[in-house]
Amino acid sequence: MQETIILQGVCNRIKGAFVENGHAMLTNQRFIYSKHSFAKIAVMGALVNLTKGDFDFDIPIADITDIEETKRLMSKVLVIRTQDAEYRFFFTKLEEWKIAFSNVREQGGVENVAQSVPVQSVADELLKFKSLLDAGAITEDEYNAQKARLLNQ
């Protein structure tokens, strides 16, 4: 089944008292978190949010057991739980992320979400795979294979 990007954007991971600046991507198969290095933040400042960051980890949709909104100081955060771990994130568009997570989980992740996404142009699909490649979610070989498949349709 083809992996499709559902939503992506600025996302900060909360680890205890620390906050990691980063970028998140939700696909029909997994949630991908990429963080910005301290050096990059120091050089770019707030402009770092315009970049995708470096791949840190991903969570398969099937592994997510619960998603809950909670408060941290004056902000609302989303808590994502798996059987083995708990992750806390601050999203700039929290409601959009909650809805997207809910839709992906309700529709069973992989199969049904991909079927419910409208047909996209080849250019749109190439951009999505390029985003996955830039985020470190797929390899260069996987990107090239998808690119060849799309261009040969």
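Residues numbered from 1 in each chain as written. Predicted model: local features only at pLDDT ≥ 70, side-chain atom pairs only at ≥ 80, totals over all residues. Heavy atoms only, no water.

A.B. asks: Would you take a moment to explain the sheet that holds strand β7 (residues 86-91) for this structure?
C.D. replies: Sheet strands pair by backbone hydrogen bonding; their relative direction is either parallel or antiparallel. Read across the open sheet, the 7 strands follow the order β4-β3-β2-β1-β7-β6-β5; overall the sheet is antiparallel. This sheet does not close on itself; its edge strands, each paired only once, are β4 (54-60) and β5 (64-72). Averaged over all pairs of adjacent strands, the angle between their axes in this sheet comes to 35 degrees, without regard to strand direction. In terms of strand pairing, strand β2 (residues 18-27) meets strand β3 (residues 30-35) through 5 bridges, oriented antiparallel. Within the sheet, the bridge partner assigned to His23 lies in β3 and is Ser34. Strands in contact with helix α2 (residues 94-106) are β1 (5-15), β2, β3, β5, β6 (75-82) and β7; relative to β5, the strand with the most contacts, it is inclined by about 165 degrees. (Pairing = 2+ DSSP bridges. Helix = DSSP H or I, 4+ residues; strand = E, 2+ residues; numbered from the N terminus. Axes fitted to C-alpha atoms, helices over the stretch in contact; angles between N-to-C directions. Contact = heavy atoms within 4.5 Å.)

A.B. asks: Would you take a moment to explain the pattern of salt bridges for this structure?
C.D. replies: Side chains that differ in charge, positive against negative, can pair when their charged atoms come close. All chains considered together, the criterion is met by 11 salt bridges. Measuring nitrogen to oxygen at the nearest pair gives 2.4 Å for the salt bridge that ties Glu69 to Lys98. Placement of Glu69 in strand β5 and of Lys98 in helix α2 is noted, with a sequence separation of 29 residues between them. Between Glu86 and Arg88 there is a salt bridge, with the nearest N and O atoms lying 3.1 Å from each other. If you follow the salt bridges from partner to partner, you end up with Asp66, Glu68, Arg81, Glu86 and Arg88 in one network. (Salt bridge = Lys/Arg side-chain N within 4 Å of Asp/Glu carboxyl O.)

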